[in-house]
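Read off the chains here:
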Amino acid sequence: MTPQVSFRQLQVFAAVARRGTVSGAAAELALSQSATSQALSDLERQLGMALFERPGRRLVLNDLGRSLLPRAEELLDGLAGFVAAAREPEGELRGTLGISASATVGTYLLPGLVGRFSEAHPHAELRLGLRNTHEVVGDVLRLEADLGLIEGECREPALVSEPWCEDRLVVVAAPGHPLASGGGLEDGDLSEAGWILREPGSGTREVFEQAMRDLGLTPRVRMALGQHEAIKQAVLAGLGLGCLSALSVAGELERGELVALDSALVLRRTFSLVWHPDRYRSLLWQAFKVFLVECRAEGTSREPLA
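Quick caveat: nothing in here was measured; it's all calculated off a predicted structure.

1. Side note on the overall build of the chain
- On a plain count of helices and strands, the chain comes out with 12 helices and 11 strands.
- With respect to the principal axes defined by its C-alpha atoms, the chain has extents near 80 × 45 × 30 Å.
- In the chain, which comprises 306 residues, the proportion classed as buried is 45%.
- A separation of at least 24 residues holds for 76% of the contacts in the chain among residues at least 6 apart in sequence.

Written as structure tokens, this is what we have:
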């Protein structure tokens, strides 16, 4: 006999998959924890199979759960679209889109773009989370984000990626730093200087270290920090040299608070869009991706790909 699966059970399944806990799903759906837990238990009982692993207090999708989540989201989106079509003019976008973005993209490019998109589609909710590149890939891989934007290329074979736009890194120093008045950095300067860098797993850190390896050099890392602003403050204090996206230091360079130093380092990279091929791609997902690609073509992303 075909299991009798309810809309509420599918809602709970998808919400628990997003939140990782029954309490988080209950808060999202405005249900009691007991009702949420019961709906999930009823769903698994009717299917005759577990959908989650339960390490500690968290619920993590198992292989079956991961394979079924896109179908559940498609059904939920279809029903939401059915209701919206009865209430709203044709073509109105609704729903929620989870976006996980690496720090440079999420801080200096996406806020303005998300704002433009939200103005055009006021009933769509875009949730933006800032992570490092490694964490963004993990979010997308675990189906915790609908779309990821990362610095560099995606090397995870289970995901699909597409180049979005280009970025340039720049080596910066405080004006009073001993190397700031030399006109440029020799290889010896690069290897002997104290560096203030992003944490391991950051796309910015990866590009810098690869550029150093290409010259046969190893940086002397004095400090690793997780935020651009923290790195800028450390460099401004004269604690060492930094290597950051030109987007993130444009204001400081213009005001003369930092100076850019020339070197033989090749410091260009590509920002990429990343998504899971098995994740349901709603009309909202498709519209936002098209919007990002169109903004790239317009040059909204500052340095568009050729």
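2. Some details on the packing of aromatic side chains
- What the rule picks out here adds up to 6 aromatic pairs.
- Seen in terms of ring centroids, Phe117 and Phe288 are 5.1 Å apart; in terms of plane orientation they differ by 85°. Their pairing is edge-to-face. Separated by 171 residues along the polypeptide, Phe117 in helix α6 (residues 110–120) and Phe288 in helix α12 (residues 283–298) bring together distant segments of the chain.
- Assessed through its relative accessible area of 0%, Phe288 is described here as buried.
- Pairing Trp275 with Trp285 gives two aromatic rings, centres 5.5 Å apart and planes at 75°, and the pair type is edge-to-face. Residue Trp275 is found in strand β11 (residues 268–275), and its partner Trp285 is found in helix α12; the two are separated by 10 residues along the sequence. Assigned by exposure class, Trp275 and Trp285 land together as buried.
- Counting every residue linked through ring pairs, the aromatic cluster contains Phe117, Phe288 and Phe291.

3. Some details on the packing of helix α2 (residues 22–29) against helix α3 (residues 33–47)
- Running from amino to carboxyl end, α2 crosses α3 at an angle of 110°, the nearest separation of the two axes being 9 Å. In terms of their interaxial angle, α2 and α3 are classed as roughly perpendicular. Every residue of α3 that contacts α2 at Val22, Ser23, Ala25 and Ala26 is listed here: Gln33, Thr36 and Ser37.

4. Observations concerning the confidence of the model for the chain
- Chain-level pLDDT for the chain is 87 on average; 92% of the residues reach the 70-or-more range.
- Element-level pLDDT for the chain is lowest in helix α4 (residues 63–87), with a mean of 76, against a maximum mean of 95 in strand β7 (residues 194–198).
- A low-confidence stretch, residues 300–306 stays under pLDDT 50, and its non-local contacts, those more than four residues away or across chains, total 23 contacts.

5. Here we look at the pairing of strand β6 (residues 160–173)
- As judged from the 8 bridges shared by β6 and β11, these two strands associate in the antiparallel manner. Directly across from Ser161, in β11, lies its bridge partner Val274.
- Where β6 and strand β9 (residues 241–245) come together, 4 bridges link them in antiparallel fashion. Within β9, the residue paired with Val172 across the bridge is Gly242.
- Sheet topology note: the β6/strand β10 (residues 259–261) ladder contains 3 bridges and is antiparallel. Bridging across to β10, Val171 finds its partner in Leu261.

Cut-off values and rules
Residues numbered from 1 in each chain as written. Predicted model: local features only at pLDDT ≥ 70, side-chain atom pairs only at ≥ 80, totals over all residues. Heavy atoms only, no water. Helix = DSSP H or I, 4+ residues; strand = E, 2+ residues; numbered from the N terminus. Buried < 20%, exposed > 50% of the residue type's maximum accessible area, 1.4 Å probe, protein only. Contact = heavy atoms within 4.5 Å. Phe/Tyr/Trp six-rings, centres within 6.5 Å; stacked < 30°, edge-to-face > 60°. Axes fitted to C-alpha atoms, helices over the stretch in contact; angles between N-to-C directions. Parallel < 35°, antiparallel > 145°, perpendicular 65-115°, else oblique. pLDDT = per-residue confidence, 0-100. Pairing = 2+ DSSP bridges.

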